[in-house]
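Secondary and tertiary structure notes
Here's the letter readout for the chains.
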Amino acid sequence: MEEQRRNRRNLVQNIIITLLSILALSLFAQSQLYNLDLAEGYNDNGSSQAVRALPASDHLIAPLRVAVTGDYGRYGNIALTTGDNGFIDPLGRCLLEALGSARDYTSCAAGDFFQALGAPSLYYDFLEPLPLSVLAGLLRGGTDISPREDITARRLLIAAQDSGTVLYLWDGSKTCLRAATAVSADSLLDVISRYELGGAVFALDGAADSPERNLDICSLLPGEPPELSSFTLGSPLASTDWLLSALNFNPRSRTRHTESNGTELIMDEDRTLRIRPDHTVYYQAGQGTSLRIEAVEELPTLREAALGAGTLLDGLLSPVCGEARPYLQSLYRNGNTSVIRFGYQINGVPIYFQDGGYAAEVTLTGSAVTALTLRFRQYQPSETPSLLLPLPQALAVAAAAPGKELSIGYVEQGGECRACWLSN
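The text that follows walks through the structure, step by step, so that each part is easy to find. Residue positions are given per chain, counting from 1 as you read along its sequence in written order. Given that the model is predicted, a residue must reach a pLDDT of at least 70 before its local features are reported, and side-chain atom pairs must reach 80 or more before they are shown or counted; all residues, however, enter totals for whole chains, interfaces and linings. To get the side-chain values, take all heavy atoms of the structure and skip hydrogens and water.

The next subject is the sheet that holds strand E5 (residues 121-131). When DSSP finds two or more bridges between two strands, those strands count as paired. Helical segments are the DSSP runs of H or I of at least four residues, strand segments are the runs of E of at least two, and each set is numbered from the N terminus. Reading across the sheet, the seven strands line up as E3-E2-E5-E6-E7-E8-E4 and stay open at both edges, with antiparallel pairing between neighbours. Looking along the sheet, the strands with just one partner apiece sit at the ends: strand E3 (73-81) and strand E4 (106-107). Pairing analysis gives seven bridges linking strand E2 (residues 63-70) to E3, with the strands arranged antiparallel. Residue Thr69 lies in a different strand from E3, and its bridge partner there is Arg74. Against the sheet, helix H2 (residues 85-101) makes contact with E2, E3, E5, strand E6 (152-161), strand E7 (164-170) and strand E8 (176-180), and its axis sits at roughly 70° relative to E5, the strand it touches most. Between two residues, a contact is recorded if the distance between any of their heavy atoms is within 4.5 Å. Every axis in this analysis is a line fitted to C-alpha atoms, fitted for helices over the stretch in contact. Angles between the N-to-C directions lie between 0 and 180 degrees. Against the sheet, helix H5 (residues 185-192) engages E2, E5, E6 and E7, with an angle of about 90° to E5.

So this is what it looks like as structure tokens:
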């Protein structure tokens, strides 16, 4: 009898031990799955130098201003992006055809550009001078054409001339070019006929003694300023583990500490990441790099550099920046080094920082991403609208700085971001 009780007791103990072992294994597995989730994207292969190629997106989104001129006035839009359906067709489609068919550019004077603005025409202002191939890449389907990389333009104009059309390119300062296009005059007039004309003017349209003539003559002035919201600034980097994983850093790195000025320093072999309290992030690659953009050759074309950098930043900034999106501001190349800078825009209206800085800077050596500067922001809609000065008062204020361009943009001030008239 005693032996039977002892056997039952041993059986119960064995069952309990087995259950506890299973429970321990289950808890261990769950903890490992949790840790794997935290480190998702990190290549733990004994080296932090694994190369990850970033495929270029089909197109970038950029803010621009457009004007449509007919015989009886102008239509203007100063809050538009290249991704808006209202731009893609017909304005973007017409520009794409003009860029794809233009041949044999010849020099002309800026005065020729201004004169052509008075003819039936389509006007495009991309805010900053960019290589022609990059401008084409901003258009839906523009990666299928290959305009020249050695031509830089900010303002483009398709104007009727004789029985055809001419494409004008102007960088906004010294260089102005023109070339005939395959866009027919009838096609141009058909596009113009789709718009209600008469609501916008250029500064050059003003009389000699009018306040508009104090401005840069290509200042595009709407009949009625757009109704724009204001925004508050949130906390885009409440957690940074996802950012480390995205840049191929181990979120649980032991070489991670906070400096006396509040900057968090993370090191992974010879790569460094600095996260400042103001949400500015600095990335420096080492001898072996973990990020590359996609390119056919080791030295990417300017368009490949712009699209690759844009794809990288869209993945890093867009998930946390709220209503804003990054857009390409400038691209410079010296030897095999390319520097690409981006700003933020909301629904086609650019955002400006009071220090004159930029949202992001990508440095490429060949196709390798060797340095990054990221100014993280999170723009959240406010119930308070941005109240703009009426145009006459804005013109009166702008008269104090003659020759400047009058435009509308968002400006950060304190914890808010509001639209206002800008003279720049």
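This part covers the pairing of strand E24 (residues 416-423). In this sheet, E24 lies alongside strand E11 (residues 228-233) in antiparallel orientation, the contact comprising two bridges. Residue pairing for E24: Thr232 is matched across the bridge by Glu416.

The next point concerns the pattern of salt bridges. Oppositely charged side chains may form a pair once their charged atoms are brought near each other. A pair is scored as a salt bridge if a Lys or Arg side-chain nitrogen falls within 4 Å of a carboxyl oxygen belonging to Asp or Glu. Counted by the stated rule, this structure contains 19 salt bridges. The partner of Glu405 in a salt bridge is Arg154, with the nearest N and O atoms 3.0 Å apart. Remark: Arg154 occurs in strand E6 and Glu405 occurs in the loop between helix H8 (391-398) and strand E23 (406-413); sequence separation between them is 251 residues. Take Glu405: its relative accessible area is 7%, and that puts it in the buried class. Salt bridges sharing partners connect three or more residues here, namely Arg65, Asp125, Arg154, Arg155 and Glu405. Only protein chains enter the accessibility calculation, which uses a 1.4 Å probe; a residue whose area is less than 20% of its type maximum is buried, one above 50% is exposed, and one in between is partly exposed.

What follows is about the nonpolar core. Residues Leu99, Tyr105, Tyr124, Leu156 and Leu167 are the most contacted members of the largest nonpolar core, which totals 116 residues. At nine residues, helix H7 (residues 302-317) tops the list of elements feeding residues into this core. Once you skip the residues sitting within four places of it in the chain, Leu99 turns out to touch Tyr105, Leu132, Ala136, Leu139, Ile145, Leu156 and Leu167. Throughout this description, the term nonpolar core refers to a set of buried Ala, Val, Leu, Ile, Met, Phe, Trp, Tyr and Cys residues connected via side-chain atoms within 4.5 Å.

Looking now at the pairing of strand E21 (residues 368-375). Within E21, eight of the eight residues are buried, which leaves the element mostly enclosed by the surrounding structure. Sheet analysis places strand E15 (residues 280-284) next to E21, joined by five bridges and oriented antiparallel. By the bridge assignment for E21, Tyr283 is matched with Leu372. Of the pairings in the sheet, the one linking strand E20 (residues 360-365) to E21 comprises six bridges and is antiparallel in character. Of the residues in E21, the one forming a bridge with Leu364 is Val369. Linking E20 back to E21 in an antiparallel pair, the connection comprises two residues, with Gly366 at a positive phi of about 65°.

Each helix should span, by expectation, one fewer than its residue count multiplied by 1.5 Å. Taking 1.5 Å as the rise per residue, H2 with 17 residues should run 24 Å; its terminal C-alpha atoms sit 23 Å apart, in good agreement. Maximal helix bending in H2 amounts to about 45°, located at Gly92. Residues of H2 that are buried include every one of Phe87, Pro90, Leu91, Gly92, Cys94, Leu95, Leu96, Ala98 and Leu99, and no others. We define the bend at any residue as the angle between the axes fitted to the seven residues before and including it, ending there, and the seven starting there.

This part covers the packing of aromatic side chains. Ring geometry is summarised as follows: Phe, Tyr and Trp rings, the Trp one being its six-membered ring, pair when their centres sit within 6.5 Å, and such pairs are stacked at plane angles under 30 degrees, edge-to-face over 60 and tilted between the two. Applying the stated criterion across every chain yields a total of 13 aromatic pairs. Ring geometry for Phe249 versus Tyr283: centroids 6.1 Å apart, planes at 80°, classification edge-to-face. With Phe249 in the loop between helix H6 (241-246) and strand E12 (256-258) and Tyr283 in strand E15, this pair connects stretches of sequence that are 34 residues apart. Here the guanidinium or amino end of Arg271 rests over the ring plane of Phe249, the centre of that ring lying 4.2 Å away. Two thresholds decide whether a charge sits over a ring: the Lys NZ or Arg CZ must be within 6 Å of the ring centre and within 35 degrees of the ring normal.

The next thing to look at is the side chain of Asn77. When you line up the elements, Asn77 lands in strand E3. Separated by 3.4 Å, the side chains of Asn77 and Tyr75 make a polar contact. Once residues within four sequence positions are removed from consideration, Asn77 is found in contact with Leu64, Arg65, Val66 and Leu220. Contacts described as polar in this section are N or O atom pairs within 3.5 Å, which, within protein, must combine one atom able to donate a hydrogen with one able to accept it, while residues neighboring in sequence count only if both atoms come from side chains.

Right, let's get into unusual backbone geometry. Between Asp89 and the following residue, Pro90, the backbone shows a cis peptide bond with an omega angle of 15°. Among the secondary structure elements, Pro90 is positioned in helix H2. At Asp104, a residue that is not glycine, the phi angle is positive and equals roughly 55°. Take Asp104: it is sitting in the loop between H2 and E4. Note on Asp104: relative accessible area 69%, which makes it exposed. Backbone geometry places His279, a non-glycine residue, at a positive phi of 70°. Among the structural elements, His279 can be located in the loop between strand E14 (271-275) and E15.

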